[in-house]
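What follows is the residue order along each chain.
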Amino acid sequence: MKSLLEKLSLEMGKAFEAAGYDAALGRVTISNRPDLCEYQCNGAMAGAKQYHKAPIQIAGEVAEKLKELGLAADAESGKNDRSIVFGDVAAIPPGFLNLKVSESYLVAYLEETERDPKYGMNQPENPGTIIIDYGGANVAKPLHVGHIRSAVIGEAVKHMMKYAGYKVIGDAHLGDWGLQMGLVIVGLQDRQPDLPYFDPDFKGEYPYIAPFTISELEEIYPASSAKSKEDPEYKARAMEATHQLQIGNRGYRALWKLIMDVSLTDLKKNYGALNVDFELWNGESSVQDRIPAMVQYMKDGGYAYISEGALVVDVKEETDTKEVPPCMILKSDGASLYNTTDLATIQERMELYHPEQIIYVVDKRQSLYFEQVFRCARKTKLVGPETKLTFLGFGTMNGADGKPFKTREGGVMRLEKLISETKEEMYHKIKEGRPVTDEEAHETADQVAIAALKYGDLSNQASKDYVFDIDRFTSFEGDTGPYILYTIVRIKSILAKYAEQGGVPDRSRLTPAKNDSEKALQMQLAGFGSMMESAIAEIAPHRICGYIYDLANAFNKFYHETQILTEEDPVRKEGLIAMLVLTRDILETAIDVLGFEAPERM
Ligand code: ARG
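The structure displayed is predicted, hence computed values, not measured ones. Each residue is numbered by its place in its chain's sequence as written, counting from 1. In keeping with the model being predicted, local features are shown solely for residues with a pLDDT of at least 70 and side-chain atom pairs are shown and tallied solely at 80 or more, while totals for entire chains, interfaces and linings include all residues. Neither water nor hydrogens contribute to the side-chain values; these are computed over all heavy atoms in the structure.

Draft legend 1. Summary view of the pattern of salt bridges. What makes a salt bridge here is a side-chain nitrogen of Lys or Arg within 4 Å of a carboxyl oxygen of Asp or Glu, nothing more. Taken as a whole and assessed by the stated rule, the structure comprises 42 salt bridges. Put simply, Arg349 and Asp133 hold a salt bridge, and the shortest N to O gap is 2.9 Å. Of the two residues, Arg349 is situated in helix H11 (residues 338-353) and Asp133 in strand S5 (residues 129-133); the sequence distance between them amounts to 216 residues. Comparing Arg349 with Asp133, the two get one shared label, buried. Lys364 serves as the salt-bridge partner of Asp465, at 3.7 Å between the closest nitrogen and oxygen. You can see Asp465 sitting in the loop between helix H14 (438-458) and strand S13 (466-467) and its partner Lys364 sitting in the loop between strand S10 (357-363) and helix H12 (367-379), a full 101 residues away along the chain. Through salt bridges that share partners, Glu218, Asp266, Lys269, Arg414 and Glu416 make up one connected network. Counting from the N terminus, the helices are the DSSP runs of H or I reaching at least four residues and the strands are the DSSP runs of E reaching at least two. Only protein chains enter the accessibility calculation, which uses a 1.4 Å probe. A residue is then buried if its area is under 20% of the maximum for its type, exposed if over 50%, and partly exposed in between.

What follows is the structure in C-alpha cells.
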C-alpha cells in the first residue's frame, strides 16, 4: 500500500504534468510550517530553472490545474466530494505550494489502512531469515543492568523483523566457555575439594545433582574473580582449569554441565521476567568442535599466518583512517579466543540457516572488535556478499551522576533488583492513583513496570547512552511507557462503557474529521505503515516509541476536546468509536512489537 505522502505526491504530479511540467516535481512532504499548512510541495521552486519561469508563476499554474482537475476544492465543489484530494491549496511567494489534505480523502485513506492487515506497512519482497545475536549473558555471573539493553533492544528488533515478515532466529550467544568458567571451577574446588570432579583418578559416573545453588554460584564467581586479581598463582590455576575444560577434562566437563544447568534455569527466569526469549540458547561452547577444521581452512586458504607465535588474519583496508589490528584466530599457546568462537558461530549459522542478515546487539564498545570479525568472515569467505552483517551497538545505561548505573551502595546493580525496585515504585504510584486491592495493584504494577523499563530504554536511540531515572520512567505523564499504557487503558474503558450502552464497536465505520484534533489523530494513524517501514529499515525501535508517543498525544488531545459517549448523531458517534478502536489496535500492535503489553485497568 502506498503511503499517504506517496499518494499525495502522485496526485500533485498529475497537476504538474497537466500544466506542462515534469510530474516528478510534484513531491509532497510534511509541512515544516504546521501553523500554516499540513503538507507542502516545493516542486515549483525546483522546476524554476529548468523551465525559465518564476517559481510563483509555476506554483500558481499548478494550483489552478489542481482545481480544474477536480483534485483541489474550489468555491463550487463541496469539500465532502471524495475525489477532492486537497482541501486547501495556496501558492505562496516565492513559490511554495501550501497544502491541506481533504477530510474525505484522508478518511478514505484511513479506511484502506484499517483494512490492511499491516496497517499500511509494505512487507519486503522475499523476506528470508534474519539471525539476531543478543542477550550475550555470561554463565555463572548474575545478569546486571548492562545486560538489560541487549535483551530489551534485541527482543524488540526481533519482533520488528518478524512483523516485517522475516523468519527470525534469536540466539542468546552465552558466554559459557571463557575464564569465568575456570574461575568458578577453582573457586568451587577450594570450597569443596573432595568432590569427585576434582579427582583425576575418579572413573565412575559423576553425580548429576549440582553441589551448589545459584546463589552460591553467584557468590563464588565474584570472590574468585577478586582473588585472581590479587593472586597471580590463583589466576594461573583458573586459566589452567579453563584450558583443561576446553580440551575435554572429564571431571570439569561434567561440572561445567551442572554449572550450565543451574545458571540457565536462572537466566531463563530473569529473561522471562522481561518477556525476553530466545529460539536458540547457544553459546560460545556450542561451536568448539568446529574450530580445528575452521582454523585449518583458514590456513589452507592462505588467509591465516603466524605472527609473533599467534595465528592471525590481516583485516586492514586501504581506506582505513584508524588502525584496524589483525584478527587473532589462535593465541601462541594454541588457545582459541572470543573471535575464534564468533567466527565459528558465523560459519555454523551460514551452514544451518543461510541467513540474509545477522544482527549483533552488543555494547558499542565492541564495535572495533566486530569490525575485525566481520572483515575476517568476509575475507575468508565464511560469509558471502548476499549476507549482511550488522553491528547494532548500544550505549551505556547511566545513573544520575552520568556514570554506569550502580546500586545505592555503589555496587553493580543486578537486573533482578532493578526490576523489583521498579515494580515496587510502580506499585506505590498505582496505589496513590486510585482505590485498588493490594493484589490487583501488584499485578498491574508488575506489568506496567516492565513497560516502564523497556520503554525507558527503547525510546532512546540505541547507540546513545541514557540516564536511568526510575521516577521519570514510572511516571504516568510524559514520554514514558506508563503514559502509553494509560492511554490504551483509557480507550479500553471508553469502549467498555460504549458496549454497556449497547454499542458494538466497529473499526470500519470511520467518518471524516470534523475539527483539527480529530484530523490530527487521523493523520497520525495514517502514518503507521510508513513509520514502520523506516523503523525496520533503520533497525530503530526508538522510532516506534516516537510514533506511539505522538499518537498517544494526538489521541489525548482529541479525547479532551470531543464528546464521545454523549454524541447524539449516531453516525458520527460510530465514527468516533471507530477512531478509538483503530487507535487502540495500532497502539497495541506497536507495543507488542516493542515487547510489552497493556493491562485492562490501571
Ligand atoms: N558475552 C559477551 C559479553 O558479555 C557478549 C556477547 C556478544 N555476542 C557475540 N556474538 N560476541 O561481552
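Draft legend 2. Summary view of helix H7 (residues 214-230). Taking 1.5 Å per residue as the helical rise, H7 with its 17 residues ought to reach 24 Å, and the 25 Å between its terminal C-alpha atoms agrees with that figure. The complete set of buried residues in H7 reads Leu217, Glu218, Ile220, Tyr221, Ser224, Ser225 and Ser228. The arc enclosing the buried residues of H7, seen along the axis, measures out at 160°, which places them on a common side. Residue contacts follow a heavy-atom distance rule, with two residues in contact if any of their heavy atoms lie within 4.5 Å. The secondary structure elements touched by the buried residues of H7 are helix H6 (179-191), helix H8 (232-247) and helix H9 (250-273). For a helix, the expected span equals 1.5 Å multiplied by the number of residues minus one. Here the arc refers to the directions that run from the helix axis out to each C-beta atom.

Draft legend 3. Quick look at the packing of aromatic side chains. In summary, the pairing rule links any two rings of Phe, Tyr or Trp, Trp by its six-membered ring, whose centres are within 6.5 Å, and it sorts them by plane angle into stacked for under 30 degrees, edge-to-face for over 60 and tilted for everything else. Throughout the structure, instances matching the rule amount to 26 aromatic pairs. With a centroid separation of 6.1 Å and 55° between ring planes, the pair formed by Tyr271 and Trp281 is classed as tilted. Placement of the pair is Tyr271 in helix H9 and Trp281 in the loop between H9 and helix H10 (291-300), with a sequence separation of 10 residues. With a relative accessible area of 1%, Tyr271 lands in the buried category. Plain terms: the ring middles of Phe555 and Tyr559 are 6.1 Å apart, the flat faces sit at 25° to each other, and that makes the pair stacked. Separated by 4 residues within a single helix, Phe555 and Tyr559 lie in helix H19 (residues 541-561), roughly one turn from each other. By relative accessible area, Phe555 is classed as buried at 0%. Residue classification places Tyr559 among the partly exposed residues on the basis of a relative accessible area of 28%. Ring pairs connect the aromatic residues Tyr338, Tyr360, Tyr369, Phe370, Phe374 and Phe391, which therefore count as one cluster.

Draft legend 4. A look at the nonpolar core. As used in this record, nonpolar core signifies buried Ala, Val, Leu, Ile, Met, Phe, Trp, Tyr and Cys residues forming a set joined through side-chain atoms within 4.5 Å. Ranked by internal contacts, the top residues of the largest apolar core, which has 159 residues, are Met12, Leu97, Met161, Ile259 and Leu418. Among the elements that line this core, the one with the most residues is helix H20 (residues 570-594), at 13 residues. Beyond its immediate stretch of four places on either side in the chain, Leu418 contacts Val145, Ile148, Met397, Phe405, Met413, Leu453 and Phe468.

Draft legend 5. Just the side chain of Ser31, in detail. Turning to its location among the elements, Ser31 is positioned in the loop between strand S1 (28-30) and strand S2 (39-41). Using a relative accessible area of 8% as the deciding quantity, one classes Ser31 as buried.

Draft legend 6. Here's a closer look at the site of the ligand. Near, as used in this document, describes a residue that has one of its heavy atoms within 4 Å of the molecule or strand being considered. In the vicinity of the ligand, the residues found are Asp133, Gly136, Asn138, His173, Tyr338, Asp342, Tyr360, Val362, Gln366 and Phe370. Whenever a nitrogen or oxygen atom comes within 3.5 Å of another N or O atom, the pair is scored as a polar contact, on the condition that within protein one atom can donate a hydrogen and the other can accept it, and that pairs from neighbouring residues in sequence are kept only if both atoms are in side chains. In the model, a nitrogen atom of the ligand is placed 2.9 Å from a nitrogen or oxygen of the Asn138 side chain. With respect to the ligand, the side chain of Gln366 contributes an N or O atom lying 3.0 Å from an oxygen atom. Only the protein chains shown count as cover for residues, and the accessible areas themselves come from Shrake-Rupley with a 1.4 Å probe. Calculation on the ligand without its partners gives an accessible area of 350 Å², and the protein chains cover 84% of this total. Among the elements of the structure, H11 and S10 are those that each provide at least two residues to the shell around the ligand. Looking at the shell around the ligand, its residues break down into 4 nonpolar, 4 polar and 2 charged. When residue character is reported, Ala, Val, Leu, Ile, Met, Phe, Trp, Tyr, Cys and Pro are called nonpolar, Asp, Glu, Lys and Arg charged, and the others, Gly included, polar.

Draft legend 7. View of the sheet that holds strand S8 (residues 310-313). With antiparallel pairing, the 3 strands of this open sheet are ordered in space as S7-S8-S9. Since the sheet does not close on itself, it has two edges, and those belong to strand S7 (304-307) and strand S9 (327-330), each with one partner. Averaged over all pairs of adjacent strands, the angle between strand axes in this sheet comes to 45°, irrespective of strand direction. At least two bridges found by DSSP between two strands is the condition for calling them paired. Two strands pair when backbone bridges link them, and S7 and S8 are joined in this way by 4 bridges, in the antiparallel orientation. Pairing of Ser307 across the sheet is with Ala310, part of S8. Convention adopted: a line fitted to C-alpha atoms gives each axis, helices being fitted over their contacting stretch, and angles between N-to-C directions are expressed from 0 to 180 degrees.

Draft legend 8. Spatial organisation of unusual backbone geometry. Cis geometry is adopted by the peptide bond preceding Pro94, which originates at Pro93 and carries an omega value of 0°. Within the secondary structure, Pro94 sits in the loop between strand S3 (86-92) and strand S4 (96-101). With a phi close to 50°, His52 is a non-glycine residue in the positive phi region. Topologically, His52 is positioned in the loop between helix H2 (43-51) and helix H3 (55-68). Residue class for His52 comes out exposed when judged on its relative accessible area of 72%. Phi at His354 is positive, roughly 40°, even though this residue is not glycine. For His354, the location among the structural elements is in the loop between H11 and S10. Residue His354 is classed as exposed on the basis of its relative accessible area of 59%.

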